[in-house]
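# Observations on the model geometry
In case you want the letters, here they are:
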Amino acid sequence: MSIPALELNDGRSIPQLGFGVFKVDPAETERIVLDALEAGYRHIDTAAIYGNEEGVGRAIAASGIARDELFVTTKLWNDRRGADDTRAAMGESLEKLGLSHVDLYLIHWPTPAAGSPVETWETLAALRSEGLATSIGVSNFDERYLPAILETGIVPAVDQIELHPQFQQRAATALAAEHRIAIEAWGPLGQGKVDYSGGAIGEIAERLGVSWAQVVIAWHLASGRIVFPKSNRRERMAENVAAASVQLRADDVAAIDALDQGAAGRVSSDPAEVS
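The following paragraphs examine the structure supplied in this document. In this text, all values refer to a predicted model and were calculated from it rather than measured experimentally.

## Some remarks on the packing of aromatic side chains
Summed over all chains, the structure comprises four aromatic pairs. Residues Phe19 and Tyr41 carry aromatic rings whose centres are separated by 5.3 Å and whose planes lie at 55° to one another, so their mutual orientation is tilted. Residue Phe19 is located in strand S3 (residues 19-20), and its partner Tyr41 is located in the loop between helix H1 (29-39) and strand S4 (43-45); the two are separated by 22 residues in the primary sequence. On the basis of relative accessibility, which here comes to 1%, the residue Phe19 falls in the buried class. Classification of Tyr41 by relative accessible area gives buried; the value is 0%. Measuring from ring centre to ring centre gives 5.4 Å for Phe22 and Tyr50, while their planes differ by 55°; the resulting arrangement is tilted.

## Things to note about helix H8 (residues 212-222)
In terms of burial, H8 is largely enclosed, as nine of its 11 residues are buried. Among the residues of H8, Ala213, Gln214, Val215, Val216, Ile217, Ala218, Trp219, His220 and Leu221 are the ones counted as buried. Turning to H8, the residues buried within the fold contact strand S9 (182-186), helix H7 (199-208), strand S10 (226-227), helix H9 (234-242) and helix H10 (250-257). Trailing H8 by a residue or two, Gly224 shows a phi angle of about 85°, which is positive.

Criteria and thresholds
Residues numbered from 1 in each chain as written. Predicted model: local features only at pLDDT ≥ 70, side-chain atom pairs only at ≥ 80, totals over all residues. Heavy atoms only, no water. Phe/Tyr/Trp six-rings, centres within 6.5 Å; stacked < 30°, edge-to-face > 60°. Helix = DSSP H or I, 4+ residues; strand = E, 2+ residues; numbered from the N terminus. Buried < 20%, exposed > 50% of the residue type's maximum accessible area, 1.4 Å probe, protein only. Contact = heavy atoms within 4.5 Å.

Below, the structure written as structure tokens:
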């Protein structure tokens, strides 16, 4: 199964369908990531706070897959800010992953209570210049927090935000589009907190003979987003990868677009409340 790729605003290429390891048990991470790689994933998304970077690194080492065929993302946690702490955190992540560089390094949350993110963001740019990260970006920076990053003149390659049919973050995605910042959708299926199996999505799934989850993943891909469905089951991993071949009609995409509920559709934390 061929997974499509997108070109980022820094000229790098990123697989549009990735595998996320949020809440994956560190003791099970190596096995689960190896299963994902066998299913066809080549893009793995982890973070320092997940506590499973070492398992991801062991899986990469055990897979036998050439490093240049993989795309690895990790993230800087909220308690590490400023030049020195950011550099130290990056070094710790690389050591745990067993890598000389990551393909994408993100500031995990804007944490407005911690003050300006500018020094931290400029340090990420320095780490990129030094070859420790190929691309850099942010996570959970919506239209309230992205402008401070843009004012530095250093444009993120991606912004990873909660995004699923009932919460489409129109203002944040419009601002990102102005600067060719790719949107990565986390919680792309609603984190199991939304029933997307009926209604318009269910009808599309029935017509195409696929699962509702495959329809939602295909909608993300058709909309030009990078997406990270999560599963610990091999059969579901394969099903999610197969969503890359699901072809939606324009009216299918429009029908799912119409499910947006704005801020009322959020199912996880508001960045303003995360410290």
